[in-house]
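Architecture and fold: a report
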Amino acid sequence: MSETVEFFTLEQLCTVCALEREWLVVRVREGLIAAEGASESEWRFALAAVARARRMRDIEHTYEAAPELAALVADMLEELDALRARVRRQG
Amino acid sequence: MEFKDYYQTLGVPRDAPADAIKKAYRRLARKYHPDVSKEPDAGKRMAEINEANTVLSDPEKRAAYDQFGQPPPGQDFRPPPGWDANREFSAREFSGAQDAGFSDFFSEIFGRGHGMGGAGGGSSDHHARIELDLEDAFTAPLRQIALQAPKVDAKGRVSLETRTLNVKIPRGIREGQVIRLAGQGAALDGGQPGDLLLEVQFRPHPRLRADGRDLHLTLPLAPWEAALGGVVPVGLPDGTIEVRVPAGAQAGKQLRVRGKGLPANPPGDLYIELRVLAAPATTPRAKELYEALAKETGFDARREAP
């Protein structure tokens, strides 16, 4: 039976992005990656968290960057994505 | 198999120290970062740079690679038999950042360590990417997909096991969405099998481009269609629609057709960018008509252009 996923659990996001659980937990607790829910087992991640987590992971890895810096770059890239999409829609 | 010159990819000499390799990698990773790069083939270059760095930044892999020397370019490359005897590569190299699009050369030398799965922290869920055609979002077909996963036998040897799954593609599926197949992940230590998570990517389509739920296409028009306006048929995966082009339309103008994007809930919109192609004056009569048009309208494209 197949169905589309509307959000991810912590385990699912780790699987999809090939992340260590601890890496992700720390960044959620620091507020660098957004999750809904109070405890780790209740955390729910939006689909967009996949792109964000991968970007942060790659930036941290490539430049040995601090997680906060990687999050700042991810913030800016997300802003860029949103603006590009707006430009495309307006033609 | 084509030999990959990783030193050339990173633009460093073969005796470059580790910190020079790191510096070159970071410089190129910035230049070809797919999110910001203006270079035409940034994504492809980034994959090559990542591959080169994965090998050259790791002393173990670099030493193995250096054994091959520098084969002449353009020749088919085969590693000499027995070159990798007693050599083991640690599995950690394959989780993490570089899981995208490595070459056959890399796989031959260092193995295909990344099929599905990943560093899921003990999770029994598995992940893979599937490529679909845009049309699949409309037709919701049953797709057969082959997945390769590493399997460890009783003696601890790792081999690749292929299994085939039938997946019902949900209608209105979008790029980046994830299809969950309950119970199709791995069973760890005889426990309950986890889920298989399939991340959807679309193959490039010759005419259409998906952006979330919206579809984009370029519609070529003859000069008279643009000038006079009219109704033009536009083929979409689920049939042809008729699009009204307003009179006096210019190239680059964008039309929006509500609800004609991907059939999600709610459906996306279709964005049509107009393109005007100059009709060639192939006959004397066509030339005459163009000349008459030029005289009649006095149109100066250079003056009109913004």
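What you see is a predicted model; the values in this text were computed from it and never measured. Think of each chain on its own: its residues are numbered from 1, step by step along the sequence as written. For this description, chains carry letters from A and ligands carry numbers from 1, given in the order in which they are written. For this predicted model, a pLDDT threshold of at least 70 governs which residues receive local features, and a threshold of 80 or more governs which side-chain atom pairs are given and counted, while totals over whole chains, interfaces and linings are taken from all residues. Hydrogens are left out, water is left out, and the side-chain values use all remaining heavy atoms of the structure.

Only DSSP runs of H or I covering at least 4 residues are called helices, and only runs of E covering at least 2 are called strands; the numbering of each starts at the N terminus. Helices and strands together make up the secondary structure of chain B, namely nine helices and eleven strands. Each residue's exposure class comes from its accessible area (1.4 Å probe, protein chains only) as a fraction of the maximum for that residue type: buried when under 20%, exposed when over 50%, partly exposed otherwise. Expressed as a percentage of its 306 residues, the buried residues of chain B come to 41%. For chain B, contacts bridging at least 24 residues in sequence account for 54% of all contacts bridging at least 6. Only the protein chains shown count as cover for residues, and the accessible areas themselves come from Shrake-Rupley with a 1.4 Å probe. When the accessible surface of chain B is split by element, carbon and sulfur atoms take 50% of a total near 17,800 Å². Contacts are assigned to residue pairs that have any heavy atoms within 4.5 Å of one another.

This part is about unusual backbone geometry. Backbone torsion omega between N265(B) and P266(B) reads 0 degrees, so that peptide bond is classified as cis. Along the chain, P266(B) turns up in the loop between β10 (254-257) and β11 (270-276). For A18(A), which is not a glycine, the phi torsion comes out positive at approximately 50 degrees. Tracing the backbone shows A18(A) in the loop between α1 (10-17) and α2 (21-29).

A few words on the interface of chain B and chain A. Taken together, the 40 residues of chain B in the interface contact 31 residues of chain A. The term buried area denotes the loss of accessible surface (1.4 Å probe radius) that occurs when two parts are joined, taken as the sum for both partners. Roughly 3,000 Å² is buried in total at the junction of chain B and chain A, and carbon and sulfur atoms are behind 49% of that figure. Three residues, R26(B), D35(B) and R180(B), lead the burial of chain B against chain A; their summed loss comes to 19% of the area buried on that side. Whenever Lys or Arg places a side-chain nitrogen within 4 Å of a carboxyl oxygen from Asp or Glu, that contact is recorded as a salt bridge. Our count for the chain B to chain A interface comes out at five salt bridges. Identification of polar contacts relies on pairs of N or O atoms within 3.5 Å, with a donor-acceptor requirement for protein atoms, meaning one able to donate a hydrogen and the other able to accept it, and with residues adjacent in sequence counted only if both atoms are side-chain atoms. Along the contact surface separating chain B from chain A lie eleven residue pairs in polar contact (both at pLDDT 80 or more). Among the secondary structure elements, those contributing two or more residues to the side of chain B that touches chain A are α2 (18-31), β1 (126-132), β3 (158-168), β4 (178-181), β5 (196-202), β6 (208-211) and β7 (214-221) of chain B. The element that contributes the greatest number of residues to the side of chain B that touches chain A is α2(B), accounting for five residues. What makes two strands pair is DSSP finding at least two bridges between them. Note that strand β1 (residues 2-5) of chain A and β4(B) share four bridges and pair antiparallel. By the bridge assignment for β4(B), V5(A) is matched with V178(B).

Close reading of the predicted structure is inappropriate where its pLDDT is low. Residue and element names in this part refer to chain B. On a range of 0 to 100, pLDDT expresses the predictor's confidence in each residue. Confidence in the prediction of chain B, expressed as mean pLDDT, is 83, and 83% of residues score 70 or more. Low pLDDT (under 50) marks residues 86-99, which in the prediction has 30 contacts with non-local residues, meaning those over four places away or in another chain. Counting contacts from residues 112-122, a segment whose pLDDT is below 50, to residues more than four positions away or on other chains yields 28 contacts. Confidence estimates for the predicted assembly give a pTM of 0.70 and an ipTM of 0.74.

Turning our attention to the sheet that holds β5(B). Across the sheet, which stays open at both edges, the four strands sit in the order β1(A)-β4(B)-β5(B)-β1(B) with mixed pairing between neighbours. At either end of the open sheet lies a strand with only one pairing partner, and these are β1 of chain A together with β1 of chain B. Taking each pair of neighbouring strands and ignoring which way they run, the sheet shows an average axis angle of 35 degrees. By the bridge criterion, seven bridges tie β1(B) to β5(B) in an arrangement that is parallel. The partner of H126(B) across the bridge, within β5(B), is L196(B). Here the axes come from fitting lines to C-alpha atoms, over the contacting stretch only for helices, and the angles between their N-to-C directions go from 0 to 180 degrees.

For the rest of this paragraph, the subject is a nonpolar patch on the surface. A surface patch of nonpolar side chains, amounting to about 460 Å² of accessible area, comprises W224(B), L228(B), Y290(B) and L293(B). Among the secondary structure elements, those contributing two or more residues to the nonpolar patch are α7 (223-228) and α8 (284-297) of chain B. The patches reported here contain residues having more than 30% relative accessible area and no salt bridge. Joining distances are 9 Å for like charges and 5 Å for nonpolar side chains (Val, Leu, Ile, Met, Phe, Trp, Tyr).

Here we come to the confidence of the model for chain A. Per-chain confidence: chain A averages 91 in pLDDT, with 98% of residues scoring 70 or above. For chain A, per-element mean pLDDT is lowest for β1(A), which scores 80, and highest for α2(A), which scores 95.

Tallying each qualifying case throughout the model produces 23 salt bridges over all chains. Note that E48(B) and K44(B) form a salt bridge whose closest N and O atoms lie 3.7 Å from each other. With E48(B) and K44(B) both in helix α3 (residues 42-56) and four residues apart, the pair spans about one turn of that helix. Ionic pairing is found between R143(B) and D136(B), a salt bridge with its closest N-O pair at 2.8 Å. Each of the salt bridges in this network shares a partner with another, and the network as a whole consists of E11(A), R21(A), R29(A) and E40(A).

Residue and element names in this part refer to chain A. Within the secondary structure, H61 sits in helix α3 (residues 49-63). Take H61: its relative accessible area is 40%, and that puts it in the partly exposed class. Residues H61 and F45 lie 16 residues apart in sequence; the distance between their C-alpha atoms is 22 Å.

So, about the sheet that holds β11(B). Residues and elements named next belong to chain B. Strand order in the open sheet made by the four strands is β6-β7-β11-β10, with mixed pairing throughout. In this open sheet, the two edge strands, each paired with only one partner strand, are β6 and β10. With strand direction ignored, the average angle separating the axes of adjacent strands in the sheet is 25 degrees. In the sheet, β7 pairs with β11 via seven bridges, with the strands oriented parallel.

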